[in-house]
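Below are the chains, spelled out letter by letter.
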Amino acid sequence: MSYLVLARKWRPQSFDTMTGQEHIVRTLANAIAQGRVAHAYLFCGPRGVGKTTAARLLARALNCEKGPTSTPCGECLACREIVAGTSLDVAEIDGASNNGVEDVRQIRERVTYLPQRDRHKIYIIDEVHMLTTQAFNALLKTLEEPPAHVKFIFATTEPHKLPDTILSRCQRHNFRRIPAGSMAKRLTEILREEGAQFSDRAISLVVRQSEGGMRDALSMLDMVLSACGKAPTDEEVAEALGAIDRGAALNLCAALIHRDAAAVLTQVEALHCRGVDFKRLIEELTLQLRHLLVARSVGDPAARREALSELADSERESIEALARDVDPAQIARLFDIVHGATWEISRAAQPRLATEVTLLKCVHLAPSQPMSAMIARVEEIARRLGGAEGAAAAQTRPLRPFH
Ligand SMILES: Nc1ncnc2c1ncn2[C@@H]1O[C@H](COP(=O)(O)OP(=O)(O)OP(=O)(O)O)[C@@H](O)[C@H]1O
Ligand SMILES: [Mg+2]
Ligand SMILES: [Zn+2]
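Here is a short report on the structure shown in this document. What you see is a predicted model, and the numbers here were worked out from it, not measured in a lab.

### Here's the deal with the coordination of the zinc ion (ligand 3)
- For the zinc ion (ligand 3), the full set of protein donor atoms is Cys64 (SG), Cys73 (SG), Cys76 (SG) and Cys79 (SG), and the range of their distances to it is 2.3 to 2.4 Å.
- For the zinc ion (ligand 3), the 4 donor atoms in the first shell make angles of 103 to 119 degrees at the metal, a pattern classed as tetrahedral.
- Between consecutive donors of the zinc ion (ligand 3), the numbers of intervening residues give the motif C-x8-C-x2-C-x2-C. In this pair, Cys64 sits in the loop between α3 (51-63) and α4 (77-84) while Cys79 sits in helix α4, placing the two residues 15 residues apart along the sequence.

Here is the structure:
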């Protein structure tokens, strides 16, 4: 059998295996159950989050021999043909290459005929925003009152390019970027089925790089699997993706917190050798400092887990461990310095140098001390100078400003 990329191999074959679009799946399933299916749907959202997949599933749901049903059987001729893209009653049209008036005119003529075999004639138009103005105009009438056997499903990443007249004739569903937790779960399942072993950190890195796009995430897994085999180390995954692994960023944070200049320099050197983009490194550091501050500030474990939900469990544990003994004021100041330098580093002629100096400034940050500790020290000094009386006096005497 020829090799199928993961994204195609793992295209969800049922609504309940679609990840992260529960709000849409629920609405569609209810509409099917109640026989209230609209005649035109518009699926909007970023790339690779399930628009085409959902359109094909909806087509199967409507035309399955055992349907209409939100759980199409996948076995009848209608279901199988839709999956294979050979159904005569379901047309999948690429809006980018069939965007003219003539193309729409053909659709208009065909919709008047009854379906060849199945319940509905379904037109899935992908990239629908590519249609020309005339094509949209030609579509309006049909979209307003299509014959009862016709359904339209439009998909686009750029709904703002659609005329209001089209928007107002469709039932719109906004697909969202897939939340990190759900995506990690799905990737873990797929990798298990594929017999591959990734640490939860490696998966979390892929999730983050994909920015909520499942297709992108799966393509990255393809790439890592072919570059590094089925049991890559975290560093290998990071390297294959040209990413900064969180472990490295977190180690750097630890060096900053412990004011360890030597460690800072060694790590910057190591990252430099790996060809890391320093702007991305600084962004990652900023993010880690945010996580540290959250970990230090939110006492309730459940709330903390929620606030750090984008992290893998083991990553969260490392952050919590590091945050435990740190003064929150110190993290806040580190954040200010690192975040404040982002812009400069991104435009610096020598980004590595700019990064090093920024981080060394962090190392030299004067230790901040809580007010109570300072008062205790003043009292201690006063006591040593003048006995108990002196201490009492130090407490009552107004503070004089320094000159
Ligand atoms: N919500 C999801 N749940 C599970 N897998 C998904 C999801 N969204 C996308 N995928 C995976 O990504 C692949 C591509 O998804 P799909 O073609 O539905 O994306 P799309 O939103 O239509 O993207 P585009 O805007 O690029 O056309 C699918 O084959 C599937 O493997
Ligand atoms: Mg698509
Ligand atoms: Zn079926």
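### With respect to the site of ligand 1
- Around ligand 1, a shell composed of 20 residues is seen, among which Ala7, Gly48, Lys51, Thr52 and Thr53 lie nearest.
- Here an oxygen atom of ligand 1 sits 2.6 Å away from a polar atom, N or O, in the main chain of Ala7.
- Contact between ligand 1 and Gly48: an oxygen atom at 2.8 Å from a main-chain N or O atom of the residue.
- Within the complex, the protein chains bury 96% of what would otherwise be the 630 Å² of accessible surface of ligand 1.

### Describing unusual backbone geometry
- The omega torsion of the bond from Gly67 to Pro68 falls at 0 degrees, within 30 degrees of zero and hence cis.
- Tracing the backbone through its elements, the reader meets Pro68 in the loop between α3 and α4.
- In this structure, Glu211 takes a positive phi of about 50 degrees despite not being glycine.
- Assignment of secondary structure puts Glu211 in the loop between α9 (200-210) and α10 (214-228).
- Judged by relative accessible area, Glu211 falls into the exposed class, the value being 56%.

### Looking at the pattern of salt bridges
- On inspection of all chains with the given rule, the structure shows 19 salt bridges.
- The shortest N-O distance in the salt bridge between Arg56 and Glu92 comes to 2.7 Å. Pair noted here: Arg56 is in helix α3 and Glu92 is in strand β2 (residues 90-94), with a separation of 36 residues, a long-range link.
- By relative accessible area, Arg56 is classed as partly exposed at 23%.
- Between Glu269 and Arg352 there is a salt bridge whose closest N-O contact spans 2.7 Å. On the criterion of sequence distance, the pair formed by Glu269 in helix α13 (residues 261-273) and Arg352 in helix α18 (residues 351-363) is long-range, its members being 83 residues apart.

Criteria and thresholds
- Residues numbered from 1 in each chain as written.
- Chains lettered and ligands numbered in written order.
- Predicted model: local features only at pLDDT ≥ 70, side-chain atom pairs only at ≥ 80, totals over all residues.
- Heavy atoms only, no water.
- Donors = N, O, S within 2.8 Å, 3.2 Å for Na, K, Ca; no water.
- Tetrahedral: all angles 85-135°; square planar, octahedral: opposite > 155°, others 65-115°.
- Helix = DSSP H or I, 4+ residues; strand = E, 2+ residues; numbered from the N terminus.
- Near = heavy atom within 4 Å.
- Polar contact = N/O pair within 3.5 Å; in protein donor to acceptor, adjacent residues only side chain to side chain.
- Areas by Shrake-Rupley, 256 points an atom, 1.4 Å probe, with all protein chains shown as cover.
- Buried < 20%, exposed > 50% of the residue type's maximum accessible area, 1.4 Å probe, protein only.
- Salt bridge = Lys/Arg side-chain N within 4 Å of Asp/Glu carboxyl O.

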